[in-house]
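# Descriptive structure summary
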Amino acid sequence: MNKINLIKPVLRLYKPDETRKLCSFQVLENKTGMLFVDVKKDSVMNDHRFIIELKNKSGKLLGYEQYSHFNNNDNMVGLYINIKPEYRQKHYFLGEIIRLTSIIQMLENKVKAFSISSKDSAIYFHSKYKFEPSVTSFKDRDRLLKDVREDRNPAFKDLAQKANEMTIKIQNTLSAEKQRFLCKKANELFSKYIKRAMSQNSIKQHKFNWTMDMTLTYRNVKENKEYFNALFEKHGIDYKI
């Protein structure tokens, strides 16, 4: 087996008088050829909007992620991630490279939480990289519970039953405080549902039909450092958590 050539990310200050850092690096070996990753300012008007750009050696943009990060703030908010259609689900792992870049951005900027609103079709993608459900909207919670509640797979019967019981509690609860508590319990249920589907390689049979707020925490990244370090090495990125 040939040894992978590792390239160390280059870190630079966004501005000389502040601490926010941006990274860039190359991926030498990919199915599409050499790749170039660069994080830069994304908006002329907003000083907190950034973009992770992934390009090939010809300068073609293959994928990107836009996110928000204010100076002296320990939270990042993902705004939009996109891979060009012709490069999706073909084992190019471009989304994975972008996700690893956002993790570098998290760690180097001491970010405690990276929050996103995932579209229904991407929930399992984000879960693969240790994002957890963090739904706070009562309406979103109820729509997502409906998906779990209506799952007729025998292997998910217990979770469907819990979703049904939770729905009944929600319908009979007037207190806003208790409703927020039920959001927390629903997130725990969504997490179990997602992990079971992933462990059984059956995500196509257990889809959600609504967007889901999700969060990747600094703690989750640290707890799964061996997993992420293996991915960094896989893509020839000389970075360890």
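Shown above is the structure to which this text applies.
Residues numbered from 1 in each chain as written. Predicted model: local features only at pLDDT ≥ 70, side-chain atom pairs only at ≥ 80, totals over all residues. Heavy atoms only, no water.

### Re the side chain of R99
With respect to the helices, strands and loops of the structure, R99 is situated in helix α1 (residues 94–108). Residue classification places R99 among the buried positions, given a relative accessible area of 0%. Of note is the side chain of R99, whose polar atom sits 2.9 Å from the side chain of E65. If near-sequence neighbours (up to four positions away) are discounted, R99 is found in contact with E65, I81, F114, H126, Y129 and F131. (Helix = DSSP H or I, 4+ residues; strand = E, 2+ residues; numbered from the N terminus. Buried < 20%, exposed > 50% of the residue type's maximum accessible area, 1.4 Å probe, protein only. Polar contact = N/O pair within 3.5 Å; in protein donor to acceptor, adjacent residues only side chain to side chain. Contact = heavy atoms within 4.5 Å.)

### Brief notes about the pairing of strand β4 (residues 49–56)
For a regular strand, side chains alternate in direction, first toward one face of the sheet and then toward the other. Counting buried positions over the 8 residues of β4 gives 6, a clear majority of the element. With 7 bridges connecting them, β4 and strand β5 (residues 61–68) associate as antiparallel partners. Directly across from F50, in β5, lies its bridge partner Y67. The antiparallel hairpin formed by β4 and β5 contains 4 residues in its connecting segment, where G59 sits at a positive phi of about 85°. (Pairing = 2+ DSSP bridges.)

### Quick look at the packing of helix α3 (residues 138–149) against helix α5 (residues 176–199)
Here α3 crosses α5 at 40°, and the two axes come no closer than 10 Å. Considering the angle they form, α3 stands oblique to α5. The crossing of α3 and α5 is left-handed. On α5, the residues touching F138, R141, L144, L145, D147 and V148 of α3 are A176, Q179, R180, L182, C183, A186, L189, F190 and Y193. Split into classes, the residues belonging to the contact of α3 with α5 amount to 11 nonpolar, 1 polar and 3 charged. (Axes fitted to C-alpha atoms, helices over the stretch in contact; angles between N-to-C directions. Parallel < 35°, antiparallel > 145°, perpendicular 65-115°, else oblique. Left-handed = near helix turned anticlockwise from the far one by under 90°. Nonpolar A, V, L, I, M, F, W, Y, C, P; charged D, E, K, R; others polar.)

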